[in-house]
Amino acid sequence: MGPNPPTPMPDLSGKVAIVTGGHTGLGFGTGIELAKAGARVYIASRSESKFKEAKRDIVAEYPDADVRFLQVDLADLSSLNRAGRKFLQEESNLHLLVNNAGVMCVPYEETVDGFEMQIAVNYIGHFLFTKILLPTLYKTAATSSKGSVRIVNVSSDGHAKLAPKEGIVFSDINMEEDYSVWARYGHSKLANVLHSRELAKRYPDILSVSLHPGTVKTNLSAGPISSTPLYRLIKPLVELGAPGPRKGAANILFAAVSPALKLGSANGTYLVPVGKISAPSKAGSDEKMAEDLWRWTEMELASRGFE
Ligand SMILES: NC(=O)c1ccc[n+]([C@@H]2O[C@H](COP(=O)([O-])OP(=O)(O)OC[C@H]3O[C@@H](n4cnc5c(N)ncnc54)[C@H](OP(=O)(O)O)[C@@H]3O)[C@@H](O)[C@H]2O)c1
């Protein structure tokens with residue numbers, strides 16, 4: 001375990017945060033520090049029992065933590081609608097949305113809504129969740145200090161290394177034919193980068209960033225192990241020297257709370273550990289692609305009744 005907390009934390013009393021996948025891995029590493037700093041933290045997860053375990057660990061370390069459960073399955077659009085409604089019944093403000101949950105290199109499978117699992121969970125589910133919460137984020141930004149209301153999309157350097165060079169494959173968003181599980185993962189993470197760019201353009205009063213957390217030892221490798229069993233052999237090499245999720249959450253926490261990130265200069269940027277603004281891939285810097293992806297996603301959601 002690394003330094004704790006991994007990034008200097010301001011006082012977050014009175015702030016409300018949501019962390020998707022916050023019961024485990026990097027989401028846990030993020031949520032616990034936000035809670036310790038005084039924020040009310042909603043852990044958006046599929047499993048209430050996993051949430052309870054995480055809450056037990058958080059409260060053991062910080063008895064005053066205000067940690068709550070929000071049931072969300074990012075692979076099911078109707079579940080996001082329900083979660084959004086439930087949150088809005090309980091809260092009138094939202095200061096911080098950390099879109100962290102993700103799957104990597106899982107075998108090809110389509111969700112109930114007809115999207116391939118990686119693009120569905122990593123991007124499309126988070127797009128809808130963000131869209132539902134945007135009016136509240138926007139309203140909160142109007143009464144909060146400039147740049148303190150944020151949307152953090154946890155992407156990956158895989159957006160550059162693994163996604164198709166041409167960028168988003170609008171003609172086959174599921175990348176069903178001729179693509180590897182790795183290319184699908186990179187594609188979904190490129191979508192996270194483009195989503196943040198477009199959020200910054202459309203909602204300039206909210207600070208939206210995407211980031212690569214670094215290589216961190218978490219359960220994420222369960223995906224490649226299930227699709228590519230040989231990955232088990234190279235996993236120790238890939239993770240050599242990598243931190244665990246508590247220390248590994250430093251870049252997410254920086255993006256979430258650091259006063260060094262300013263609305264004017266940082267909005268829409270991509271961060272690498274820790275807290276360094278870096279150029280994303282060529283496709284990740286493509287403003288037209290970001291706009292096209294936004295429109296495409298809205299149309300796809302609308303065609304399924306999610307407007
Ligand atoms: N670890 C790394 O080296 C690394 C590097 C680059 C980027 N990232 C990114 O970091 C983020 C966090 O990953 P991690 O490393 O912390 O992995 P992890 O330990 O596997 O955590 C992933 C989280 O996503 C949740 N999740 C998966 N499918 C979901 C669904 N359908 N609905 C709701 N939640 C779902 C998981 O919940 P369950 O427990 O229910 O499955 C889990 O809480 C991901 O976006 C990943 O792409 C990680």
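Scroll up for the structure.
So, a few notes on the structure that sits alongside this text. Worth saying up front: this structure is predicted, and the values here are computed from it rather than measured.

### Section: the pattern of salt bridges
The tally for this structure, following the rule as stated, stands at 16 salt bridges. Where Lys288 meets Asp292, a salt bridge forms, and the shortest distance between an N and an O atom there is 2.7 Å. Of this pair, Lys288 and Asp292 both sit in helix 12 (residues 287–303), separated by 4 residues, roughly a single helical turn. Classification of Lys288 as exposed rests on a relative accessible area of 56%.

### What to know about the site of the ligand
The immediate surroundings of the ligand are formed by 29 residues, with His23, Arg46, Asn100, Tyr185 and Thr218 found nearest. Residue Leu26 places a main-chain N or O atom 2.8 Å away from an oxygen atom belonging to the ligand. With respect to the ligand, the backbone of Leu74 contributes an N or O atom lying 2.9 Å from a nitrogen atom. With the chains in place, 92% of the 890 Å² that the ligand exposes on its own is no longer accessible. When contributions to the shell around the ligand are tallied by element, the ones reaching two or more residues are helix 1 (25–36) and helix 6 (181–202). Split into classes, the residues belonging to the shell around the ligand amount to 12 nonpolar, 13 polar and 4 charged.

### Some points on helix 1
Over its 12 residues, helix 1 extends 17 Å from the first C-alpha to the last, a length consistent with the 16 Å expected when each residue adds 1.5 Å. With 11 of 12 residues buried, helix 1 is to be regarded as a mostly interior element. Every buried residue of helix 1 is accounted for by Gly25, Leu26, Gly27, Phe28, Gly29, Thr30, Gly31, Ile32, Glu33, Leu34 and Ala35. Where helix 1 ends, the next residue or the one after it, Gly38, has phi of about 110 degrees, a positive value.

### Considering a negative patch on the surface
A grouping of Glu110, Glu176, Glu177 and Asp178 is seen on the molecular surface, where their side chains present a negatively charged patch. Checked against the element boundaries, Glu176 lands in the loop between helix 5 (158–161) and helix 6.

### Some details on the packing of helix 3 (residues 77–90) against helix 4 (residues 117–142)
Each packed pair of helices is defined by two parameters, the angle between the axes and the distance between the axes. Between helix 3 and helix 4, the shortest axis-to-axis distance is 9 Å and the interhelical angle comes to 25 degrees. For the element pair helix 3 / helix 4, the angle class is roughly parallel. The interaxial crossing formed by helix 3 with helix 4 has right-handed handedness. Touching Leu77, Leu80, Asn81, Ala83, Gly84, Phe87 and Leu88 of helix 3 are Ile124, Gly125, Leu128, Phe129, Ile132, Leu133 and Thr136, all from helix 4. A per-class count over the contact of helix 3 with helix 4 returns 10 nonpolar, 4 polar and no charged.

### Considerations on the sheet that holds strand 8 (residues 276–278)
If you walk across this open sheet you meet the 8 strands as 3-2-1-4-5-6-7-8, and the pairing is mixed. A single partner strand is all that each edge strand has here, and the edge strands are strand 3 (66–71) and strand 8. Strand-to-strand twist in this sheet, taken as the mean axis angle between neighbours without regard to direction, amounts to 25 degrees. Note: strand 4 (residues 96–99) against strand 5 (residues 150–154), 4 bridges, orientation parallel. Of the residues in strand 5, the one forming a bridge with Leu97 is Ile151. The strands touched by helix 1 are strand 1 (16–20), strand 2 (40–45), strand 3 and strand 4; relative to strand 1, the strand with the most contacts, the crossing angle is about 170 degrees. Contacting strand 2 and strand 3, helix 2 (residues 48–61) crosses the sheet at an angle of about 170 degrees to strand 3.

### Regarding the packing of aromatic side chains
On inspection of all chains with the given rule, the structure shows 8 aromatic pairs. With a centroid separation of 5.7 Å and an interplanar angle of 75 degrees, the aromatic rings of Tyr138 and Tyr203 are classed as edge-to-face. Of the two residues, Tyr138 is situated in helix 4 and Tyr203 in the loop between helix 6 and strand 6 (207–211); the sequence distance between them amounts to 65 residues. Three or more aromatic residues joined by ring pairs make a cluster, and in this case those are Tyr123, Phe127, Tyr138, Tyr203 and Trp294.

### With respect to unusual backbone geometry
Cis geometry marks the peptide bond from Pro273 to Val274, where omega comes out at -25 degrees. Counting through the fold element by element, Val274 comes out in the loop between strand 7 (270–272) and strand 8. Phi at Cys105 takes a positive value of approximately 55 degrees, unusual for a residue other than glycine. Relative to the helices and strands, Cys105 resides in the loop between strand 4 and helix 4. Judged by its relative accessible area of 0%, Cys105 falls in the buried class. Backbone geometry at Asp178 places phi at a positive 65 degrees, although glycine is not the residue there. Structurally, Asp178 can be placed in the loop between helix 5 and helix 6. The exposed category is assigned to Asp178, whose relative accessible area is 79%.

About the criteria used
Residues numbered from 1 in each chain as written. Predicted model: local features only at pLDDT ≥ 70, side-chain atom pairs only at ≥ 80, totals over all residues. Heavy atoms only, no water. Salt bridge = Lys/Arg side-chain N within 4 Å of Asp/Glu carboxyl O. Helix = DSSP H or I, 4+ residues; strand = E, 2+ residues; numbered from the N terminus. Buried < 20%, exposed > 50% of the residue type's maximum accessible area, 1.4 Å probe, protein only. Near = heavy atom within 4 Å. Polar contact = N/O pair within 3.5 Å; in protein donor to acceptor, adjacent residues only side chain to side chain. Areas by Shrake-Rupley, 256 points an atom, 1.4 Å probe, with all protein chains shown as cover. Nonpolar A, V, L, I, M, F, W, Y, C, P; charged D, E, K, R; others polar. Expected span 1.5 Å × (residues − 1). Patch = residues over 30% accessible without salt bridge, like charges linked within 9 Å, V, L, I, M, F, W, Y side chains within 5 Å. Lys, Arg positive; Asp, Glu negative; His and termini not counted. Charge placed at Lys NZ, Arg CZ, Asp CG, Glu CD. Axes fitted to C-alpha atoms, helices over the stretch in contact; angles between N-to-C directions. Parallel < 35°, antiparallel > 145°, perpendicular 65-115°, else oblique. Left-handed = near helix turned anticlockwise from the far one by under 90°. Contact = heavy atoms within 4.5 Å. Pairing = 2+ DSSP bridges. Phe/Tyr/Trp six-rings, centres within 6.5 Å; stacked < 30°, edge-to-face > 60°.

Just distances and angles here, no functional claims.
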